[in-house]
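# Coordinate analysis (summary)
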Amino acid sequence: MESALLAVVVLASLAALADGIDPKHAIEIYSLHVDCKVTSRFAHTVITSKIVNRANASSEVTFEVELPKTAFISNFSMSIDGKVYPGIIKEKASAQKQYDTAVSHGQSAGLVKITGRKLEQFQVSVSVAAGSRVTFELTHEELLKRRLGKYELLLKVRPKQLVQHFQIDVHIFEPQGIRFLETNSTFLTNELTEALTKVQDETKAHILFKPTVDQQKISPELGETLLNGDFLVRYDVRRDATAGDIQIVNGYFVHYFAPREMPVFPKNVVFVIDRSGSMAGRKIEQTRDALLKILQDLRAEDHFSFITFNSKVAEWRSSLLEATAENVARAAAFVQTLIASGGTDIQQALLAAVDALRRAEALPERSVSMIILLTDGQPTSGETDVEVIQEDIQKAISGKYALFCLGFGFDVSYKFLEKMALSNGGIARRIYENADAALQLQGFYQEVATPILTKIEMQYPENAIEGLTKTNFKLFFEGSEIVVSGKISNELDLLPVEIKAQSHTSDLTLKEEANVKEKEQVFQNQSYIFGNFIERLWAYLTIQQLLEKSISAQDDQQKALEARALELSLRYGFVTPLTSLLVTKPAEQPQAELANKPTEADNEKPSTLLVGDAYRLRSGSLPSRWRSPLHSGSNKKLHSPVFRLLEQTTPQLPANAYPQLLLQLPGQNEIICVNTDGQAQSSVDLLSDPEQGISVTGNLGDKTNHFVQFRITYVTPPVQIHVSTDAVVVHRNHETTRLPWTKSAASTVQGLRISIEKERSLTMSLSDTVTVKIAFVKPPGGFLGLYFLDTNHFSDNVSGVLGQLYSKARLENKRSVNQRDDERLLSVSGSEHRVTRQYKKDYRLESASDPVSCWSLDITS
């Protein structure tokens, strides 16, 4: 669905200032060209950026490109004054070994990291001499996926300066014919619209965006660019043949199947909703909003029910109900009562959903049954061994129902959810904790809301086809597309295909024959074609499916699948999770950079360990530089989408190395560990926001240098909450309620939700207000850890020891010349503080054995 996302940024060295040159003009992008050829859904994108250093000294140039997670990088090179430095794609371990050798005398930043729900960012830096020119060229490829009846090509445009020669070319060739084509952008003005041209005939289209420097300007007086946002191309193809369309080039074929105007199956859907304490606040509000809209989308012939869970499982009704107006209204009223508190028993909740479908009565004879799980955490109650849960759920479902798993945020184990979904005929999807989370949930439901075929079998002549991709599919949803590819091994005049499937009304058998020579003629002498694109499409699709299949495979089978995927990745030059791109640099720059492709499972609770690092540490998994020789064989658990290998001493982790306070800087993927000089029993003003109507103070203990008391005061409603290591005491209107830590509890006071997860955490949430969370760290050395969620609600007037960091703090991205690698400057309210990289236990996590890397800051209170 998405492809070719672009953001090219060039950063000048501060050395330009010494030469009297404005750094904004020292490094100039004089040409930026994006050339995207989409041939039969397969997108081949080449991004070329040409840069000159106009300063009188060497400057560092950083080239960044945002591309889709589903794309494979297939080529990278940089040319400095005419000499080309190519990227080399190698098996991951081999590339790592070569990389280690290359950086033994230097240091280098990682190249690829996940930057959002659709994107990952490629980045490489190089020092460019005064007056020199450098050209970067990056190529990536992907198969566009059809969702909700259309393909989408998304270019993220962000050059950050005016570009003399800026051009985007999108060429589309679809032999089936283009049914509709539209372009859109978040930054187009009337002037920029004049730079956009579109030429289209029945099967081809060319979209050209070529703004002049004047058209790029925000205003004639300002030398700043308008080009900052999304450039979108959406289209769909014509579909005449009932059995789909077959295309053939050089002995490889691709078969697209997307039937239309077919009756929709009635659905039997059980929504399994996590209402544990970690869902409190914005998450549960967004879940309620999404469910209310999803209920309105249910068809009258559908049946549905809800199962909610924390440490206990609750069924809304004893059986599935038909989606009548009356039942939907009752469900909506129930959804509005959902409150989050307690632990997370995923296994019992899913088993209850399976049981509800198993004993359901009076369901339509031909219908589709599915379970949709939404959770934001890992199992903490009941069975907590994820492998046991996966096995038990797969055994219970036994292929009868489809399981879809939605992971809300970054505290979930996406790998656990993904394996469980793929093992049970569904998919997993991460829901990002953004303002549009409710829309993400609705969008996912819309994709699976209209099943029109089940048990689809795509059959081809056995003796004439090799290397077939997946041919059996459990479900087909309206607006999507099935893609099958393979190699024609024998001389065939006709390629027959037979499709068997079940529709709502009957069993179907669809047949089609493709004339091989006629089909090959379609792609002759077409300027829109890039090489053997169907062969590369076949390789791309095969690798994707092998990697997906390996997720739920047993060890021996998993190794065989990965070995096959690795062989294809190397043969076709794709950067996949099994290969790496090694970027070498000029001899005078003793550096090499290594690009590994991250997966969604790598994208858990981001935290930076070293500048440029983004390890996701798990229990029993440490970076190699932390391991003893006994751990040398445990590399399999290490996820490192972005990393920097540094020669340094091994960091030590004191046994009780908790910070007093911990926060993540808004808009920056950096964690600050704060220590105050407060005295025992004296009150510290931690945060006050008059616009939010909230203030927080804290007291340090006399036996521990940590906080043991907090006082949270709300203006509306007028509530004060005293939190200690003994209990939570709520004061309102001269009434006092005491809530002990020894049991889970929840209460709502005029919209303010207060929930305790037994001996774990306290959550205070109010609509359109920051969510306050306090972790309870058990004795010995018991103390309380404060942190905030939904911090985008803080106003600019927030103050206090912590408050000032949410509005007036900025951490410099790179170290200064006179700083060590583990030092940075943090600017707070106009003053600068030197901070150092340290490794602390994270009181926000249930497993406090996982260290978090943070910048340590001492503040005078």
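Up top is the structure.
The following paragraphs examine the structure supplied in this document. (Residues numbered from 1 in each chain as written. Predicted model: local features only at pLDDT ≥ 70, side-chain atom pairs only at ≥ 80, totals over all residues. Heavy atoms only, no water.)

## So, the overall build of the protein
Looking only at helices and strands, the protein features 15 helices and 50 strands. The buried share of the protein, taken over its 861 residues, is 57%. For the protein, long-range pairs separated by at least 24 residues make up 67% of all intrachain contacts whose partners lie at least 6 apart in sequence. About 35,800 Å² of surface is accessible on the protein, with carbon and sulfur atoms providing 47% of the total. (Helix = DSSP H or I, 4+ residues; strand = E, 2+ residues; numbered from the N terminus. Buried < 20%, exposed > 50% of the residue type's maximum accessible area, 1.4 Å probe, protein only. Contact = heavy atoms within 4.5 Å. Areas by Shrake-Rupley, 256 points an atom, 1.4 Å probe, with all protein chains shown as cover.)

## Comments concerning the sheet that holds strand S17 (residues 245-249)
Sheet architecture is open: four strands sit in the order S17-S18-S29-S27, paired in antiparallel fashion. Unpaired on one side and paired on the other, S17 and strand S27 (465-466) mark the two borders of the sheet. Taken together, the six bridges between strand S18 (residues 252-257) and strand S29 (residues 482-488) define a ladder with antiparallel strand orientation. In the sheet register, His255 faces S29, and the bridge partner there is Val484. Lying over the sheet, helix H13 (residues 533-551) contacts S17, S18 and S29, oriented at roughly 65 degrees with respect to S18. (Pairing = 2+ DSSP bridges. Axes fitted to C-alpha atoms, helices over the stretch in contact; angles between N-to-C directions.)

## Topic: the packing of aromatic side chains
Per the counting criterion, the structure on display carries 33 aromatic pairs. Judged by centre distance (5.8 Å) and plane angle (65 degrees), the ring pair of Phe404 and Phe444 falls under edge-to-face. Of the two residues, Phe404 sits in strand S24 (residues 402-408) while Phe444 sits in helix H11 (residues 437-448), which places them 40 residues apart along the sequence. Phe444 carries the same exposure label as Phe404, and that label is buried. (Phe/Tyr/Trp six-rings, centres within 6.5 Å; stacked < 30°, edge-to-face > 60°.)

## Some words on the pairing of strand S4 (residues 72-80)
Side-chain direction in a regular strand flips from residue to residue, so the side chains alternate between the two faces of the sheet. Counting buried residues in S4 gives eight out of nine residues, a clear majority hidden from the surface. As defined by bridge partners, S4 adjoins strand S8 (residues 133-143) across eight bridges and the pair is classed as antiparallel. Across the sheet, Ile73 pairs through a bridge with His140, a residue of S8. Adjacent in sequence and paired antiparallel, S4 and strand S5 (residues 83-91) are bridged by two residues, among which Asp81 carries a positive phi angle near 50 degrees.

## With respect to the side chain of Arg275
Tracing the sequence through the fold places Arg275 in the loop between strand S19 (267-274) and helix H6 (282-297). Of the buried charged residues, Arg275 lacks a salt bridge, with Asp274 as the closest side chain of opposite charge at 7.7 Å. For Arg275, the contacting residues outside a window of four places in its chain are Thr308, Phe309, Asn310, Lys312, Ala314, Ile339, Ala340 and Ser341. (Lys, Arg positive; Asp, Glu negative; His and termini not counted. Salt bridge = Lys/Arg side-chain N within 4 Å of Asp/Glu carboxyl O.)

## A few points about the sheet that holds strand S43 (residues 752-757)
Read across the sheet, five strands follow the order S42-S43-S44-S45-S46 without closing on themselves; strand pairing throughout is antiparallel. Looking at strand neighbours, the two that pair on one side only are strand S42 (745-749) and strand S46 (783-789), the edges of this open sheet. Adjacent strand axes in the sheet meet at a mean angle of 15 degrees, parallel and antiparallel pairs treated alike. Judged from the four bridges that link them, strand S44 (residues 761-765) and strand S45 (residues 771-777) form a sheet pairing that is antiparallel. Residue pairing across strands places Ser761 opposite Ala775, the latter belonging to S45.

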